[in-house]
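Architecture and fold: a report
Below, each chain spelled out in residue letters.
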Amino acid sequence: QVQLVESGGGLVTPGGSLRLSCAASGTIFRLLTMAWYRQAPGKQRELVASITFARNTNYADSVQGRFFISRDNAKNTVYLQMNSLKPEDTAVYYCNTRQDLKNYWGQGTQVTVSS
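Residues numbered from 1 in each chain as written. Predicted model: local features only at pLDDT ≥ 70, side-chain atom pairs only at ≥ 80, totals over all residues. Heavy atoms only, no water.

1. Observations concerning the pattern of salt bridges
- Across all of its chains, the model carries three salt bridges by this definition.
- We note a salt bridge from E46 to R38, for which the minimum N-O separation is 2.7 Å.
- Accessibility expressed as a relative area gives 35% for E46, which makes it partly exposed.
- The class for R38 is buried, based on a relative accessible area of 6%.
- In the salt-bridge network here, residues are joined through shared partners; they are R38, E46, R66 and D89. (Salt bridge = Lys/Arg side-chain N within 4 Å of Asp/Glu carboxyl O. Buried < 20%, exposed > 50% of the residue type's maximum accessible area, 1.4 Å probe, protein only.)

Quick look at the structure:
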């Protein structure tokens, strides 16, 4: 059973930075594509960034150049470095992976960007 646990959310002022972490267990982490999604109030969940086992990355247009996804296979952890944060980045951020045709999600971590 794959388990994902996020951490690192919080309140930050516009222009600030945060780093989210997602620790995975119950799986062969190094083989998986890992992703970060977010969901703002009243909006659909959207893909923010993803990273393959080969470390190929993909970003939503809205975060390109500001957010950076990385992974540490020795720690079974994926990170999301978020810079130049904007109020519109406010959302619950979820870690995601897919294994055996099934999606797995973490519990989510709240990121609030406000002055």
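Here the narrative resumes.
2. Quick notes on the sheet that holds strand β1 (residues 3-7)
- Strand order in the open sheet formed by four strands is β1-β3-β8-β7, with antiparallel pairing between adjacent strands. The open sheet is flanked by β1 and β7 (67-72), the only strands paired with a single partner. Strand-to-strand twist in this sheet, taken as the mean axis angle between neighbours without regard to direction, amounts to 15°.
- Pairing between strand β3 (residues 18-25) and strand β8 (residues 77-82): six bridges, direction antiparallel. Note that in β8 the partner of C22 across the bridge is V78. (Pairing = 2+ DSSP bridges. Helix = DSSP H or I, 4+ residues; strand = E, 2+ residues; numbered from the N terminus. Axes fitted to C-alpha atoms, helices over the stretch in contact; angles between N-to-C directions.)

3. A short note on the state of the cysteines
- A full pass over the atoms with the stated rule returns one disulfide.
- A sulfur-sulfur separation of 2.1 Å characterises the disulfide bridge that pairs C22 with C95. Between C22 and C95 the sulfur-sulfur dihedral comes to about -80°; the bridge is accordingly left-handed. Here the residue C22 occupies a position in strand β3, and C95 occupies one in strand β9 (residues 91-99), the gap between them amounting to 73 residues.
- The exposure class of C95 is buried, given its relative accessible area of 0%. (Disulfide = S-S within 2.5 Å.)

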